[in-house]
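If you want the building blocks of each chain, they are given just below.
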Amino acid sequence: TAPVSSAPTSGPVGTPPAMDVDLSAVTPLIDAFVYAHGLNGAGLVVVDAEEGIVGEYYTGEFAADRVSLVASSSKMVTAGVLMYLADQGLLDPDQPIAEYVPWAAGHNPEITVSQLLSNSSGLVGLGPVPEYGPYLCQFLPDREIEECATQIWTTPDDDNDIVPPDTEYRYGGAQWQVAGAVAETVSGTTWAELLDEVYIEPCGVESM
C-alpha cells in the first residue's frame, strides 16, 4: 500500500470523512490520477449490501452533495434489474435466453443475458452507425419494449452484420433493449413496474 504522502503535492488532495473502511491504500492513486489527467476532481463511494455506504472519498471539486451527470446510467439500472430477477430464480444470466423466452426461440441461439449486459452479444451496437436501420425501433417512444426486442431478435436484415457472442465488444444499442424485454417477459410485469419493485420503493429513489 502507498502512504497518503505519495500523492503529488501539486495536485488536488481530498480528505475522506471518518468511515468504516480504510481507504488509505487507494486514495493516493485517486489523487495521482486526477492530477495526471488534469481533472477537476473525483469521488469514490464504497457500498456494502447490508451496511450501506461504508467508505467515501472526495477530492478536488467533488463532494458528497455534488450532483453529477453520469453517462449511460441506465445500463447500471438495467443490469441491476436483471440480476435481481436472477436472484429470484426467474432467469440464469449464463444460459441462452432462447431457452426461457418464447419470442427468442429459433434465433441467435447462443446469446445469454450476461453477453447482452457486457456488450458482447454480437448484435450490432451503436457504432459506427447509431441509426442502424434494422434496430431503429429502439429509438421510437411509442414501441413496446418486447415488440421492439422481438423485431431486433428475429430480423434477417442484420444477418451479415452480427458476429458470434464473445468475439467482439460492441457498445450499447439494441442488445440493451433486448435485455429489458427479457426482464419483462420472465417477470410478467412492465419495465416501469420492475423499476418500482427493484429501486423506487425499496430504495426511495425519487429521481426515477
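Conventions used here
- Residues numbered from 1 in each chain as written.
- Predicted model: local features only at pLDDT ≥ 70, side-chain atom pairs only at ≥ 80, totals over all residues.
- Heavy atoms only, no water.
- Pairing = 2+ DSSP bridges.
- Helix = DSSP H or I, 4+ residues; strand = E, 2+ residues; numbered from the N terminus.
- Buried < 20%, exposed > 50% of the residue type's maximum accessible area, 1.4 Å probe, protein only.
- Contact = heavy atoms within 4.5 Å.
- 1 Å grid on protein atoms, 1.4 Å probe; cavity = no way out; pocket = protein on both sides within 12 Å on 5 of 7 lines; lining within 4 Å.
- Points joined across faces, edges and corners; volume = space filled by probe spheres on them.
- Nonpolar A, V, L, I, M, F, W, Y, C, P; charged D, E, K, R; others polar.

Caption draft 1: Molecular detail of the pairing of strand β1 (residues 41–48). Of the pairings in the sheet, the one linking β1 to strand β2 (residues 52–60) comprises eight bridges and is antiparallel in character. Looking at β2, one finds that Val46 is bridged to Gly55. In this antiparallel pair of consecutive strands, β1 and β2, the connection spans three residues.

Caption draft 2: How the structure looks around the side chain of Gln177. Along the polypeptide, Gln177 turns up in helix α5 (residues 174–187). Residue Gln177 is classed as buried on the basis of its relative accessible area of 18%. Other than its neighbours up to four places away in sequence, Gln177 contacts Gln138, Ile145, Cys148, Ala149 and Ile152.

Caption draft 3: Broad picture of the layout of surface pockets. Its boundaries defined by the atoms lining it, the largest pocket holds a volume of some 390 Å³. Lining of the largest pocket is provided by 16 residues; of these, Ser74, Thr78, Gly173, Trp176 and Gln177 occupy positions nearest its centre. Mapped onto the lining of the largest pocket, the elements with two or more residues apiece are α2 (73–87), α5 and α6 (191–203). Across the lining of the largest pocket, the residue classes tally to eight nonpolar, seven polar and one charged. Considering only enclosed or pocket space, the second largest pocket measures out at about 250 Å³ in volume. Gly43, Val45, Val47, Ile53, Glu56, Tyr58, Phe62, Ala63, Ala64, Arg66 and Ser68 are the residues that line the second largest pocket. Elements with a minimum of two residues in the lining of the second largest pocket: β1 and β2. Of the residues belonging to the lining of the second largest pocket, the class tally is seven nonpolar, two polar and two charged.

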